[in-house]
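Close look at the chain arrangement
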Amino acid sequence: MYTFNHKNLLGIDQLSVGDINMILDTADAFLEISSRDIKKAPTLRGKSIVNFFYEPSARTKASFEMAAKRLSADTLSLSANESSMVKGETLIDTAQNLQAMNPDIIVLRHPSSGAPHFLAKHLEAGVINAGDGMHEHPSQALLDLFTIRKKKGRIKGLRVVIIGDIAHSRVAGSDIRALKKMGAEVTVSGPPTMIPTDVESLGTQVVSDPTRALKGKDVIMMLRIQLERQSGILFPSLREYSNFFGLNKELLKGAKKDVIIMHPGPINRGVEITWDVADGPFSVILDQVSNGVAIRMALLYLLIGGE
Amino acid sequence: MITWIKGGDIIDPRLGTQKKLDILISKGRIEKLLTPGSFQPPGGGEVKTVDASGMFVTPGLIDMHVHFREPGEEYKETIASGSTAAAAGGFTAVACMPNTNPVNDSRSVTEFVLERARKANVVRLYPVAAISKGQKGESLTEFGDLKRAGAVAVSDDGRPVTSSELMRRAIEYARFFQLPVISHCQDLSLSSEGVMHEGSISTRLGLSGIPAATEEIMVVRDILLAKLTGYPVHIAHVSTEGSVAFIRRAKGEGIPVTAETAPHYFSLDHTAVIGYDTNAKMYPPLRESKDVDAIKRGLSEGVIDVIATDHAPHSPLEKDVEFDKASFGIIGLQTALPLTLDLVREGVMDLPGAIAKLSCNPAAILNTKGGVIEEGKEADLTIIDLNKEYVFTEERIKSKSHNSPFIGVKMKGIAVLTMVKGRIVWESNELNPGS
């Protein structure tokens, strides 16, 4: 019997292929709970989980909260404007105060890369990285793998392209690592201003032009353009971005006939993806959301040490 | 009272030689250099004997780049605590950068700093005054008055002088007072959010990058300004292969430029940041292994004249935080010597060559005393045990702050005795017992 030996989930690098398969298999089992009439299992009764979100987040926070509740854990959600961060408390003080309440897991979203690693060093509780700066968002990558596996039956050998602001995307950071680890081939695409230095060192190739990049790919992942990055330095305008790097029906003509289209959300309709493509037959965007709850149930269960 | 340092190997970094000589010190000066065995101490206990056999005696080491945080941030370091750390690292003199609070941009701050150093009474302290008022990069400070007050050089270290016009005028004006100009090279607009070297590791860690060009653009600018004005510019903390190449070329063309690097730039690379270690965060950032190699080559070929620590104390308030929020800088006074000696063991430099970069070269650039062991000169000396092996632990740190990436690292070589004007300011219990 394979054992899952982690207290924290800080990034994809710490996971082995076996770990990832176990998370996906466990999520498969939990998927069923979400389709029941009474969507609750007693598995984590008496455990407490703190969702600590230093950045605004709708779906990741909701997804973790839903996952915890379906497993009967007690949850507490804190966001930046409620936390004492606005009162000038440092992260280490906040961490120590939380620890004093003895939670089992802290789910952290933070604008600083490495903040979950910092927290994990100072805490007894387990830490799940729910997105740190421009670094990683591992639960998103796991739900993406889960979605791909369900749709394609496998991950190994698939050809995946990720299009958009790779440099500032923690989703890309985790997806590239996770897909490579599971044996997929990964290409990144987008304006050269949004491709990180030496990204090839993560094992990807760079094809800036999406028209060429998506040819022959099994999976297209679109990334959200963060509207706050519209300073005019990385790209001149949303209009031009959407014309040259957005996914639309015309561009999709060059893709494989059984391609699936993914997006971590929230979508900027009409910017990185058009309405018709987002809602079209190739899109699995809402499956990603449903699968997200199952993946997070699996993570909470495995990290807290379910047998 | 006479001090007799016997049995040591004396390093003369200017001549590049080493030979066994005894040193007699009286009234703070080197009275005599003698062949070993020729001095017989008179009876009566008028002679203090220091047994330096098996040790090397060098001119007192000079660190031309430290931050002692006083006035303003005494919780990180004071002039007294920094001076003690300097002495324990083998330094007999330090040049203090002006980015205190208030900035050292006036006679009163310069005099305050010197007064504190006199009170501490440990090592020589050379104030470096700001180039611009408040280090704002807008208007020149009173170089003449500052020099009269005791400043030895001008620099806006910690902040670049962004305006090329102001930098040009600063260099021209400094010439009149023969004040050295030290430049902190950083194109702020190219690295405004950067927290580490831009490369494969910053991509892996999701941290904003500081490309090598951030430094090199300003190195080239300041080389061109040295050429334009015909007056020397000293480039602080060189960290990149490109900077070394540009400085090499400038020197080859006879442009008056000198350069320093810090021990971390030849000891560590950007992989030290993995794990988000804020003690691996400094400006300039730790670069790639090719840069480390280039820095060593630059030292070996004399392109880089000086090794200086950029000793930058910070407390847990600034360092025990998220990586991107942490302050830049590490302490370095007590690790500079063993890390430099590593380069001697590696064959990058010979021992006198390495000592030159820590003594006579900075003295020449700053126009200060020191860097020599000669009869009649003031006795600023460092006695070094080249072979002492130890782990650099927090307990050894004399600085008020402990922000060092070298804690827990094995070191080889240590200053066992530091002497300023004939007075012992640091003596390790690791000096030959029974002396």
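What you are looking at is a predicted structure, and each value in this text was computed from that prediction instead of being measured.

Looking now at the pairing of strand β16 (residues 257-261) of chain B. Residues and elements named next belong to chain B. Taking burial as the measure, the five residues of β16 include five buried ones, the bulk of the element. Residues V257, A259 and T261 point to one face of β16 and T258 and E260 to the other, with burial holding for every one of them. In the sheet, strand β15 (residues 233-235) pairs with β16 via three bridges, with the strands oriented parallel. Bridging from a neighbouring strand, I235 pairs with A259 of β16. Note on the crossover from β15 through helix α7 (residues 241-252) to β16: the handedness is right-handed. Where β16 and strand β17 (residues 306-307) come together, two bridges link them in parallel fashion. If you follow T261 over to β17, its bridge partner there is I307.

Moving on, we get to the nonpolar core. Residue and element names in this part refer to chain B. I5, I23, V57, V94, I235, L381 and I383 are the most contacted members of the largest nonpolar core, which has 114 residues in total. Among the elements that line this core, the one with the most residues is strand β19 (residues 410-420), at seven residues. Residue assignment places this core across two domains, with domain 1 (2-57 + 376-399 + 408-427) and domain 2 (60-366) each supplying three or more. For I23, the contacting residues outside a window of four places in its chain are T3, W4, I5, I10, I30, K32, L33, V57, I373 and L381.

Looking now at the domain arrangement of chain B. All names here are of chain B. Looking at the assigned domains, one finds that chain B contains domain 1 (2-57 + 376-399 + 408-427) and domain 2 (60-366). On a C-alpha basis, the centres of domain 1 and domain 2 stand 28 Å from each other. Contact residues are listed per partner, giving 32 residues for domain 1 and 32 residues for domain 2. Taking both partners together, domain 1 and domain 2 bury about 2,400 Å²; carbon and sulfur atoms supply 65% of that area.

For the rest of this paragraph, the subject is the interface of chain B and chain A. Facing the 17 residues of chain B at the interface are 22 residues of chain A. Across the chain B to chain A interface the summed buried area is about 1,500 Å²; carbon plus sulfur atoms make up 51%. When the buried area of chain B at its contact with chain A is split by residue, T203, Y276 and E322 of chain B rank highest and sum to 35% of it. On inspection of chain B and its partner chain A, the count reaches zero salt bridges. At the junction of chain B and chain A, the tally comes to ten residue pairs in polar contact (both at pLDDT 80 or more).

Residue and element names in this part refer to chain B. Their axes nearest at 8 Å, the elements α7 and helix α9 (residues 289-301) cross at an angle of 30°. With respect to their mutual orientation, α7 and α9 come out roughly parallel. Counting all contacts with α7, which are made through E241, V244 and R248, the residues of α9 involved are K290, D291, A294, I295, R297, G298 and E301. Tallied by class, the residues present in the contact of α7 with α9 amount to three nonpolar, one polar and six charged.

As a further point, take empty space enclosed by the protein. Residue and element names in this part refer to chain A. All told, the structure shown has six cavities of 30 Å³ or more when counted by the stated rule. Its volume calculated, the largest cavity comes out at about 110 Å³. Residue lining of the largest cavity: 13 residues in total, with R59, Q140, P264, Q288 and V289 positioned closest to the centre. Of all the secondary structure elements, the ones that give two or more residues to the lining of the largest cavity are α2 (59-70), α5 (138-152) and α11 (285-304). It is α11 that contributes the most residues to the lining of the largest cavity, five residues altogether.

Next up on the list: the packing of aromatic side chains. Each aromatic ring pair is summarised here by two numbers: the centre-to-centre distance and the angle between the ring planes. Residue and element names in this part refer to chain B. Counting across every chain of the model gives eight aromatic pairs over all chains. With a centroid separation of 5.3 Å and 50° between ring planes, the pair formed by F143 and Y173 is classed as tilted. Taken as a pair, F143 in helix α3 (residues 143-149) and Y173 in helix α4 (residues 164-177) lie far apart in primary sequence, 30 residues in all. A relative accessible area of 37% means that Y173 is categorised as partly exposed. When the centroid spacing of 5.3 Å and the interplanar angle of 75° are considered together, the rings of Y173 and F177 count as edge-to-face. Taken together, the residues span about one helical turn, with Y173 and F177 both in helix α4 at a distance of four residues. Over the face of the ring belonging to F323 we find K281, whose NZ or CZ atom lies 5.4 Å from the ring centre.

Okay, the packing of helix α6 (residues 212-229) of chain B against α7 of chain B next. Residue and element names in this part refer to chain B. Remark: α6 packs on α7, axes separated minimally by 9 Å, with the N-to-C direction vectors making an angle of 10°. The pairing of α6 with α7 is recorded here as roughly parallel in orientation. Crossing of α6 against α7: the hand is right-handed. Between α6, through E215, E216, V219, V220 and I223, and α7, the contact on the second element is made entirely by G242, S243, F246, I247 and A250. When its residues are assigned to classes, the contact of α6 with α7 shows six nonpolar, two polar and two charged.

With that settled, the discussion passes to the layout of surface pockets. Residues and elements named next belong to chain B. Taken as a whole, the second largest pocket spans an internal volume of roughly 520 Å³. Lining the second largest pocket are 27 residues, with N99, G158, H184, Y283 and F328 sitting closest to its centre. Class assignment for the residues of the lining of the second largest pocket results in nine nonpolar, twelve polar and six charged.

What counts, and where the lines are drawn
Residues numbered from 1 in each chain as written. Chains lettered and ligands numbered in written order. Predicted model: local features only at pLDDT ≥ 70, side-chain atom pairs only at ≥ 80, totals over all residues. Heavy atoms only, no water. Buried < 20%, exposed > 50% of the residue type's maximum accessible area, 1.4 Å probe, protein only. Helix = DSSP H or I, 4+ residues; strand = E, 2+ residues; numbered from the N terminus. Pairing = 2+ DSSP bridges. Right-handed = clockwise from strand over helix to strand, strands pointing away. Core = buried A, V, L, I, M, F, W, Y, C linked by side-chain atoms within 4.5 Å. Domains from an automatic or database assignment. Contact = heavy atoms within 4.5 Å. Buried area = accessible area lost by both parts, 1.4 Å probe. Salt bridge = Lys/Arg side-chain N within 4 Å of Asp/Glu carboxyl O. Polar contact = N/O pair within 3.5 Å; in protein donor to acceptor, adjacent residues only side chain to side chain. Axes fitted to C-alpha atoms, helices over the stretch in contact; angles between N-to-C directions. Parallel < 35°, antiparallel > 145°, perpendicular 65-115°, else oblique. Nonpolar A, V, L, I, M, F, W, Y, C, P; charged D, E, K, R; others polar. 1 Å grid on protein atoms, 1.4 Å probe; cavity = no way out; pocket = protein on both sides within 12 Å on 5 of 7 lines; lining within 4 Å. Points joined across faces, edges and corners; volume = space filled by probe spheres on them. Phe/Tyr/Trp six-rings, centres within 6.5 Å; stacked < 30°, edge-to-face > 60°. Lys NZ or Arg CZ within 6 Å of the ring centre and 35° of its normal. Left-handed = near helix turned anticlockwise from the far one by under 90°.

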